[in-house]
Amino acid sequence: MMFTLEQVSWPIILLQKNSNELLRLESLPDWFEKTELLGVLQDSFIIDYCGDSYLIIEDHPPRLQCASAQLSLGELRHSVQLYASQNGHCCTSKLTLNTIEQLFEIVAFIEQN
């Protein structure tokens, strides 16, 4: 089943293919503003606020499908640890992630600092 960005629960986190970068996006206009210079996003993942994972299968217009294997909190924690470390935060191994809401809070905190 195919999905569009209008159908996901906003805000979302973009987990770019072959990158440790995470990008929190608040709305559809935010998506278009912040992703236009990122290049090809096909095969990247979107995690929505309900915790559902989507694979980007087309860039223009963005078309998604539910990830065949949903990203676990453990996988997301690892991604956040790498992202935090890349952005100069230390002791990332102590970072915990117990809920999807915490994922969004942590990414927002990293982006602000």
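A quick note: this is a predicted structure, and the numbers were derived from the prediction, not measured.

Undergrad: What is the right way to look at the sheet that holds strand β3 (residues 22-25) in this model?
TA: Working definition: the strands of a sheet are paired by backbone hydrogen bonds and lie parallel or antiparallel to each other. The strand order β1-β6-β5-β4-β2-β3 describes an open sheet built from six strands, whose pairing is antiparallel. Looking along the sheet, the strands with just one partner apiece sit at the ends: β1 (2-3) and β3. Sheet topology note: the strand β5 (residues 53-58)/strand β6 (residues 63-66) ladder contains four bridges and is antiparallel. In the sheet register, Tyr54 faces β6, and the bridge partner there is Cys66. Along the sheet, helix α3 (residues 100-112) contacts β2 (12-15), β3 and β4 (45-48); its crossing angle with β3, the most-contacted strand, is approximately 105°.

Undergrad: Would you mind going over the pattern of salt bridges with me for this structure?
TA: Two side chains with opposite charge may pair up if their charged atoms get near one another. Scanning the model with the defined rule gives four salt bridges in all. The shortest N-O distance in the salt bridge between Lys34 and Asp30 comes to 3.4 Å. Of the two residues, Lys34 and Asp30 are both situated in helix α1 (residues 28-35); the distance of four residues between them amounts to about one turn of the helix. Linking Arg63 and Glu58 is a salt bridge whose minimum nitrogen-to-oxygen distance equals 3.8 Å.

Undergrad: Is there a simple way to think about α3 in this case?
TA: In this model α3 runs 19 Å from its N-terminal to its C-terminal C-alpha over 13 residues, within 8% of the 18 Å that 1.5 Å per residue would give. Every buried residue belonging to α3 is among Ile100, Leu103, Phe104, Ile106, Val107, Ala108 and Ile110, and all of these are buried. Against the buried residues of α3 lie β2, β3, β4 and α2 (73-86).

Undergrad: What am I meant to see in α2 here?
TA: Structurally, the α-helix is built with 3.6 residues per turn, so residues lying three or four positions apart point the same way. The end-to-end C-alpha distance of α2 is 20 Å, a good match for the 20 Å that 14 residues give at a rise of 1.5 Å each. Those residues of α2 that sit buried are Leu76, Ser79, Val80, Gln81, Tyr83 and Ala84. Among the structural elements, β2, β3, β4 and α3 are those in contact with the buried residues of α2. In the segment just after α2, Gly88 is the residue with positive phi, at about 90°.

Undergrad: Where do I start with the pairing of β3 in this structure?
TA: A regular strand places its side chains so that they alternate between the two faces of the sheet. Neither face of β3 is left uncovered, since the one carrying Leu22 and Arg24 and the one carrying Leu23 and Leu25 both have all their residues buried. Where β2 lies against β3, four bridges are found, and the strand directions are antiparallel. When the sheet's bridge partners are listed, Leu14 is paired in β3 with Leu23. The loop that links β2 with its antiparallel partner β3 comprises six residues; one of these, Asn18, has a positive phi angle of about 60°.

About the cut-offs
Sequence order sets the numbering: in each chain, residues are counted from 1 along the sequence as written. Given that the model is predicted, a residue must reach a pLDDT of at least 70 before its local features are reported, and side-chain atom pairs must reach 80 or more before they are shown or counted; all residues, however, enter totals for whole chains, interfaces and linings. Side-chain metrics rest on all non-hydrogen atoms present in the structure, leaving aside hydrogens and water. At least two bridges found by DSSP between two strands is the condition for calling them paired. Comment: elements are numbered from the N terminus, with helices defined as DSSP H or I runs of at least four residues and strands as E runs of at least two. Any pair of residues with heavy atoms lying within 4.5 Å of one another is described as a contacting pair. Throughout, an axis means a line fitted to C-alpha atoms (over the contacting stretch in the case of helices), and angles, computed between N-to-C directions, take values from 0 to 180 degrees. Counted as salt bridges are all cases of a side-chain nitrogen of Lys or Arg within 4 Å of a carboxyl oxygen of Asp or Glu. The length a helix should cover is 1.5 Å for every residue beyond the first. Exposure classes here rest on a 1.4 Å probe applied to the protein chains alone. A residue is buried below 20% of its type maximum, exposed above 50%, and partly exposed in between.

Remember that the coordinates give geometry; whether it matters functionally is a separate question.
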